[in-house]
Amino acid sequence: MIPRFHPIHLLFTVGLSFFLLAGCSSGLFRSPEHEIPTLEQQLSATADSLLVINEEELGATVALDIRAMDGSALYAYDPNRLMVPSSVMKLITAAYVLHSLPEDYRWETEIYSTGPMDSAGVLHGDLVIKGGWDPSLSGSRPYAEWPWEHLKAWAELFYLKGLRQIDGKIIPAGLIVPPFNWESEDLMYRYAPVVSQLSWNDGLVKVEGHWGPNTIARCCPSHAFWSMNYASYRLSDFNILFGLNQGTFTYEEDQPADWDLSLWQGETFNAQDPRMLTADALRQAFFLTGITGGDSVAPTLFAPERPEGETIGIIHQSLPLDSLVSAMLKTSNNLWAEQLLYTTSRVVEDHVEFADAATIYNELQVDGVTSNSMDGSGLARRDNLSPQQVTDLLLYSHNRWGERWLDLLPEPGETGSTLENRLLNGFGRIRAKTGSMSRNRSLAGYFLDDDGNPIGTFCVIVNNSPTADSNNSFGNLSADLDRYIVSVLQLLDQYGVEAN
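Remember, predicted model here, so these are calculated numbers, not experimental data.

Examining the overall build of the protein chain
Turning to step 1, where the next piece is worked out: Each helix and strand counted, the protein chain has 13 helices and 19 strands in total.
Turning to step 2, where the next piece is worked out: Buried residues in the protein chain amount to 52% of all 500 residues.
Turning to step 3, where the next piece is worked out: Expressed as a percentage of contacts within the protein chain between residues at least 6 apart in sequence, the contacts between residues at least 24 apart total 72%.
Turning to step 4, where the next piece is worked out: Element-wise, carbon and sulfur atoms account for 51% of the exposed surface of the protein chain, whose accessible area totals about 22600 Å².

A look at unusual backbone geometry
Turning to step 1, where the next piece is worked out: A positive phi angle is found at Asp202, which is not glycine, with a value near 55°.
Turning to step 2, where the next piece is worked out: Here Asn464, not a glycine, exhibits a phi torsion of approximately 60°, which is positive.
Turning to step 3, where the next piece is worked out: As for its position among the elements, Asn464 is in the loop between strand S19 (454–463) and helix H13 (477–494).

What to know about the pattern of salt bridges
Opposite charge on two side chains makes pairing possible when the charged atoms of those side chains draw close.
Turning to step 1, where the next piece is worked out: Under the defined criterion, the tally for this structure stands at 17 salt bridges.
Turning to step 2, where the next piece is worked out: The salt bridge involving Glu414 is made with Lys330; its shortest N-O contact spans 2.9 Å. With Glu414 in the loop between helix H12 (403–406) and strand S17 (430–437) and Lys330 in helix H8 (residues 321–331), this residue pair connects regions lying 84 residues apart in the sequence.
Turning to step 3, where the next piece is worked out: By relative accessible area, which is 16% here, Lys330 ends up buried.
Turning to step 4, where the next piece is worked out: Salt-bridge contacts for Arg483 lead to Asp480; the nearest nitrogen and oxygen are separated by 2.3 Å. Of this pair, Arg483 and Asp480 both sit in helix H13, three residues apart, which is roughly one turn of the helix.
Turning to step 5, where the next piece is worked out: On the basis of relative accessible area, Asp480 is assigned to the buried category, the value being 11%.

Things to note about H13
Turning to step 1, where the next piece is worked out: Here H13 spans 26 Å end to end across 18 residues, near enough to the 26 Å set by a 1.5 Å rise per residue.
Turning to step 2, where the next piece is worked out: In terms of burial, H13 is largely enclosed, as 13 of its 18 residues are buried.
Turning to step 3, where the next piece is worked out: Looking at where H13 begins, the residue whose side-chain oxygen comes 3.1 Å from the main-chain nitrogen of Ser478 is Asn476.
Turning to step 4, where the next piece is worked out: Taken from the residues just after H13, Gly496 is the one with a positive phi, measuring 70°.

Some thoughts on the sheet that holds strand S4 (residues 122–123)
Turning to step 1, where the next piece is worked out: Spatial strand order, S4-S6-S15: three strands in an open sheet with parallel pairing. Pairing within the sheet leaves two strands with one partner each, and these edge strands are S4 and strand S15 (292–293).
Turning to step 2, where the next piece is worked out: Two elements, strand S6 (residues 165–166) and S15, share two bridges in a ladder whose sense is parallel. Bridge pairing in S15 links Gln165 to Thr292.

Details of the pairing of strand S5 (residues 127–130)
Turning to step 1, where the next piece is worked out: Judged from the four bridges that link them, strand S3 (residues 108–113) and S5 form a sheet pairing that is antiparallel. Residue pairing for S5: Tyr112 is matched across the bridge by Val128.
Turning to step 2, where the next piece is worked out: Inspection of the sheet shows S5 paired to strand S7 (residues 170–173) by four bridges, in the parallel sense. By the bridge assignment, Lys130 is partnered in S7 with Ala173.

Concerning the packing of helix H4 (residues 90–100) against helix H11 (residues 387–401)
Turning to step 1, where the next piece is worked out: In contact at an axis separation of 11 Å, H4 and H11 are set at 30° when each is read in the N-to-C sense. For the element pair H4 / H11, the angle class is roughly parallel. When the axes of H4 and H11 are compared, the crossing they make is left-handed. Only Val390, Leu393, Leu394, Tyr396, Ser397, Arg400 and Trp401 of H11 make contact with H4, whose side of the interface consists of Leu91, Ile92, Ala95, Leu98 and His99.
Turning to step 2, where the next piece is worked out: Here the contact of H4 with H11 is composed, by residue class, of nine nonpolar, two polar and one charged.

Considerations on the environment of Arg431
Turning to step 1, where the next piece is worked out: The topology assignment puts Arg431 in strand S17.
Turning to step 2, where the next piece is worked out: Reaching out from Arg431, the side chain makes a polar contact with the backbone oxygen of Gly428 at a distance of 3.4 Å.

Some details on the sheet that holds S3
Turning to step 1, where the next piece is worked out: Reading across the sheet, the four strands line up as S7-S5-S3-S16 and stay open at both edges, with mixed pairing between neighbours. Strands with a single pairing partner mark the edges of an open sheet, and in this sheet they are S7 and strand S16 (313–317). Neighbour-to-neighbour, the strand axes of the sheet open up by a mean angle of 10°, direction not taken into account.
Turning to step 2, where the next piece is worked out: Contacting S3, S5 and S16, helix H5 (residues 149–160) runs over the sheet at an angle of about 155° to S16.
Turning to step 3, where the next piece is worked out: Contacts from helix H7 (residues 274–289) reach S5 and S7 within the one sheet, and its direction differs from that of S7 by about 140°.

Quick look at the side chain of Arg67
Turning to step 1, where the next piece is worked out: Turning to its location among the elements, Arg67 is positioned in strand S1 (residues 61–68).
Turning to step 2, where the next piece is worked out: A distance of 2.7 Å separates the side chain of Arg67 from the side chain of Thr391, its partner in a polar contact.
Turning to step 3, where the next piece is worked out: Not counting residues up to four positions away in its chain, the partners in contact with Arg67 are Ser72, Ala73, Leu74, Gln388, Thr391, Asp392, Leu395, Gly456 and Thr457.

A short note on H7
Turning to step 1, where the next piece is worked out: End to end, H7 covers 23 Å across 16 residues, agreeing with the expected 22 Å (1.5 Å per residue, within 8%).
Turning to step 2, where the next piece is worked out: Across the 16 residues of H7, 13 count as buried, placing the element largely inside the fold.
Turning to step 3, where the next piece is worked out: Looking one or two residues beyond H7, the residue adopting positive phi is Gly290, at roughly 110°.

Re the environment of Thr415
Turning to step 1, where the next piece is worked out: With respect to the helices, strands and loops of the structure, Thr415 is situated in the loop between H12 and S17.
Turning to step 2, where the next piece is worked out: Taking the C-alpha atoms as reference points, Thr415 and Lys330, separated by 85 residues in sequence, lie 9.5 Å from one another.

The rules we used
- Residues numbered from 1 in each chain as written.
- Predicted model: local features only at pLDDT ≥ 70, side-chain atom pairs only at ≥ 80, totals over all residues.
- Heavy atoms only, no water.
- Helix = DSSP H or I, 4+ residues; strand = E, 2+ residues; numbered from the N terminus.
- Buried < 20%, exposed > 50% of the residue type's maximum accessible area, 1.4 Å probe, protein only.
- Contact = heavy atoms within 4.5 Å.
- Areas by Shrake-Rupley, 256 points an atom, 1.4 Å probe, with all protein chains shown as cover.
- Salt bridge = Lys/Arg side-chain N within 4 Å of Asp/Glu carboxyl O.
- Expected span 1.5 Å × (residues − 1).
- Polar contact = N/O pair within 3.5 Å; in protein donor to acceptor, adjacent residues only side chain to side chain.
- Pairing = 2+ DSSP bridges.
- Axes fitted to C-alpha atoms, helices over the stretch in contact; angles between N-to-C directions.
- Parallel < 35°, antiparallel > 145°, perpendicular 65-115°, else oblique.
- Left-handed = near helix turned anticlockwise from the far one by under 90°.
- Nonpolar A, V, L, I, M, F, W, Y, C, P; charged D, E, K, R; others polar.

Written out as structure tokens, the structure is:
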């Protein structure tokens, strides 16, 4: 006999079945390993929600690679795609310099005469400034406010040697090299100066001014010592009254005021010939020290040999190698990167040609890289690197140089660096190199533990993004990259990723 179910019993049975099914679907009877998503799943979801989906919907290309310090992949999204890395390219230049040059390497700039000096302090001959690719001729740091430190020291040394007048010319000697694949529209800005073997103040003329009854501006170096009008293309339309040897000039109030006001708020513009700029600045330093003459400037590619006999001269040595590489990375100075790359290529290959990415990676014995010809700074829009190639380089560099390498990189909040106002929520546990150009952003570096030891590397590159440009309605790509990297760091902490 088949037992009959009371309707209440039937209702109870059906309800219990639904409860059990719901419990199973919610993981009530699942093991914990199936309940908790993996780190890779979490990293994938974070990348999608904070970066990838939004950028790709807007037409951008995204590629990224996140690795543990043993080289194992934590998460990757199209990591082998060749991308425009922007200034992340400077990491390659830095590694190449450290690999190729001894730690005590110094750049040398030699200043010497081609003739004798008489008892009255008159130099009967020319004064040669022989460039040596030294980036630190800007002063103690890039873009120093009034970078006269070195030039004043040179002038004072020659004064102590008895020099009072130069009867001949000043000859600034050094190569001028065309950067490969820099866009012509970039060349008007100070971040893309003329690259030269002899470059003072990063090849920049500086203008400072204030407002009064007339607009007064001061040039560095003073216009009274210019042997060419560096600013003719900016100032030729105005009636300028130059003060004698003062480096000041005024605009009369009845003159048109449709000129670039930003120029007079401490702006800079590129010298057409940085060798000439160096010579003119030194001539002004001489004048202020009490040395006259040298009114004619004759730049040349190759310095004349210092003759035997009675001549005078000095040799200036650069700042230490690591401090120059660090300043290049932390300020993302394009000129310094180019000068460092040309120096290293000259020392290693005994000629002044740049080394492309494939050559550098082969020299470093890192996995081979397919790349177009590169510059040293990342300003060339035809540079190509994949995120995995960058993380390969980061792993290699830390394995080889350890703390020395990490100390070269910017850290969040560091004054004067590209991270001064970025990644501030990263708890001081990120070291990274930024990259920025129109429609492109990149970020690459290390995650650190509380003791400063790396627990992982990362490289994120976004190309052709409308959110990379300012004054848009889509968002801010740099801020999105920062939020993503900080979120990844938090996930690494949550899942207990540690230094090896």
